[in-house]
Amino acid sequence: MDGLIIAGVLVFLVVLTLAMGVKTVPQGSKQVVQRLGKYHSTLGPGLNIIIPYIDQVAYKVTTKDIVMDIPSQEVITKDNAVIIANAVAYINIVAPEKAVYGVEDYNLAIQNLVQTSLRAIIGEMGLDDALSSRDQIKAKLKAAISDDISDWGITLKTVEIQDITPSATMQSAMEEQAAAERQRRATVTRADGEKSAAILEAEGRLEASKRDAEAQVVLAKASQMAIQKVTEAIQDNELPVMYILGEKYVDAMESMAKSPNAKTIILPADIPAAIRGMMGGFKR
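On a predicted model such as this, the values are computed, not experimentally measured, just so you know.

In this model, helix α3 (residues 106–123) (18 residues) spans 25 Å end to end at C-alpha, consistent with the 26 Å of a helix rising 1.5 Å per residue. Buried residues of α3: Y106, A109, I110, L113, V114, Q115, S117, L118, I121 and I122, and no others. For α3, the secondary structure elements touched by its buried residues are β6 (66–76), β7 (82–93), α2 (96–102), α4 (127–132), α5 (134–150) and β8 (154–166). Residue D105 occupies the N-cap position of α3, its side-chain oxygen lying 3.2 Å from the main-chain nitrogen of N107.

Set out below in structure tokens:
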């Protein structure tokens, strides 16, 4: 009976030992084997044999592309503007033994490396360039960290800038600046319009004054010619002139009589004599 028990235990131990020596690695993974605490080999996908109790699978590493989300952070640009930036990195572990033995935590290390490089790159750019040059930032960022993580057996497939936006305070300042610029442009436009209107009005007044002056000159010349013609026509004949002046005199008196302010109108007794008196004044 005791022999059967011992035999059963031995069989169990043999089966267990054989099971421990056979390792099946799934596709898309690799396993790092240590022998007596020291790196021995890396197992690829499929069936693998190791020495039980001496070899041990210490790390299981995926060989698929890993997506790393880089948290948002505040970054100060060259012109002292504060912006919020975050990224996403795509990495692939090509040498698992370097990844597990070269750095304590490659996820944390790459995250910090991307954040530090991103701050340095944006810190050399102005605000406008930082907001509009994502491809340039991406290229510089990839070049900055690819060599560093290659020492850890990791390849950087690509890195993308997810968001790069001004901080809340900076957005408020930019909105105020934009509003002030719009107000300035409106003021300039209004001032230009008022200036143009004033110039046009002044030019109109000047043109009107010129036309009035020209009209007065024309009227003066016409009056002069009329006086000359009348003088030449009259010569020493007073009768036509007396008739015309008398008619004008009577019309004037009639208008004065019809005026509501007229109280009393006194006519000279000898109208012809009065007219001759006016003519005498004209002749002098």
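Let's shift gears to the confidence of the model for the chain. Counting all residues, the mean pLDDT for the chain is 79, and 74% of those residues have values of 70 or more. In the model of the chain, helix α8 (residues 271–283) stands out as the element of lowest mean pLDDT, 55, in contrast to strand β2 (residues 29–35), which has the highest, 92.

So, on to α5. With 17 residues, α5 should reach 24 Å at 1.5 Å per residue; the first-to-last C-alpha distance of 24 Å fits that figure. For α5, the set of buried residues is I137, L141, I145 and I149. Contacts made by the buried residues of α5 are with α3, α4 and β8.

So, about the sheet that holds β2. Taken together, three strands build an open sheet; the order of strands is β3-β2-β5 and the sheet is antiparallel. The two strands at the open ends of the sheet, each matched to only one other strand, are β3 (38–43) and β5 (55–62). Taking each pair of neighbouring strands and ignoring which way they run, the sheet shows an average axis angle of 30°. Across seven bridges, the pairing between β2 and β5 is antiparallel. Residue pairing for β5: Q31 is matched across the bridge by K60.

Strand order across the open sheet formed by three strands is β6-β7-β8, with antiparallel pairing between neighbours. The sheet is open, and its two borders are formed by β6 and β8, each paired with just one other strand. Going from strand to strand, the sheet's axes swing by 20° on average, the running direction of each strand aside. Pairing between β6 and β7: nine bridges, direction antiparallel. Looking across to β7, one finds that D69 is bridged to V88. Where α3 meets the sheet, it contacts β6, β7 and β8, and its direction lies at approximately 40° from that of β6.

Applying the stated criterion across every chain, the model contains two aromatic pairs. For the pair Y39 and Y101, a centre-to-centre distance of 5.8 Å together with 70° between the ring planes defines the contact as edge-to-face. With Y39 in strand β3 and Y101 in helix α2, the pair connects residues that are 62 residues apart, well separated along the chain. A relative accessible area of 33% means that Y39 is categorised as partly exposed. Taking relative accessible area as the criterion, Y101 reaches 37% and is therefore assigned partly exposed. Seen in terms of ring centroids, Y59 and Y101 are 5.8 Å apart; in terms of plane orientation they differ by 90°. Their pairing is edge-to-face.

Two side chains bearing opposite charge may form a pair once their charged atoms approach each other closely. According to the stated counting rule, one finds five salt bridges in the structure shown. For the salt bridge of E160 with K138, the shortest nitrogen-to-oxygen distance reads 2.9 Å. One end of the pair, E160, is in strand β8; the other, K138, is in helix α5, with 22 residues separating them in the sequence. Under the relative-accessibility criterion, K138 is labelled partly exposed at 26%.

Let us now look at the packing of α3 against α5. Interhelical geometry of α3 versus α5 gives an angle of 140° and a closest axis separation of 10 Å. Here α3 lies oblique to α5, going by the angle between them. For the pair α3 and α5, the sense of crossing is right-handed. Only I137, K140, L141, A144, I145, D148 and I149 of α5 make contact with α3, whose side of the interface consists of I110, L113, V114, S117, L118, I121 and I122. Taken together, the residues of the contact of α3 with α5 break down into 11 nonpolar, one polar and two charged.

Topologically, K157 is positioned in strand β8. Owing to a relative accessible area of 41%, K157 belongs among the partly exposed residues under this scheme. Residues K157 and Y90, 67 residues apart in the sequence, show an inter-C-alpha distance of 5.4 Å. Apart from the residues within four sequence positions on either side, K157 is in contact with D65, Y90, I91, N92 and K142.

So, how was this worked out
Residues numbered from 1 in each chain as written. Predicted model: local features only at pLDDT ≥ 70, side-chain atom pairs only at ≥ 80, totals over all residues. Heavy atoms only, no water. Helix = DSSP H or I, 4+ residues; strand = E, 2+ residues; numbered from the N terminus. Expected span 1.5 Å × (residues − 1). Buried < 20%, exposed > 50% of the residue type's maximum accessible area, 1.4 Å probe, protein only. Contact = heavy atoms within 4.5 Å. Polar contact = N/O pair within 3.5 Å; in protein donor to acceptor, adjacent residues only side chain to side chain. pLDDT = per-residue confidence, 0-100. Pairing = 2+ DSSP bridges. Axes fitted to C-alpha atoms, helices over the stretch in contact; angles between N-to-C directions. Phe/Tyr/Trp six-rings, centres within 6.5 Å; stacked < 30°, edge-to-face > 60°. Salt bridge = Lys/Arg side-chain N within 4 Å of Asp/Glu carboxyl O. Parallel < 35°, antiparallel > 145°, perpendicular 65-115°, else oblique. Left-handed = near helix turned anticlockwise from the far one by under 90°. Nonpolar A, V, L, I, M, F, W, Y, C, P; charged D, E, K, R; others polar.

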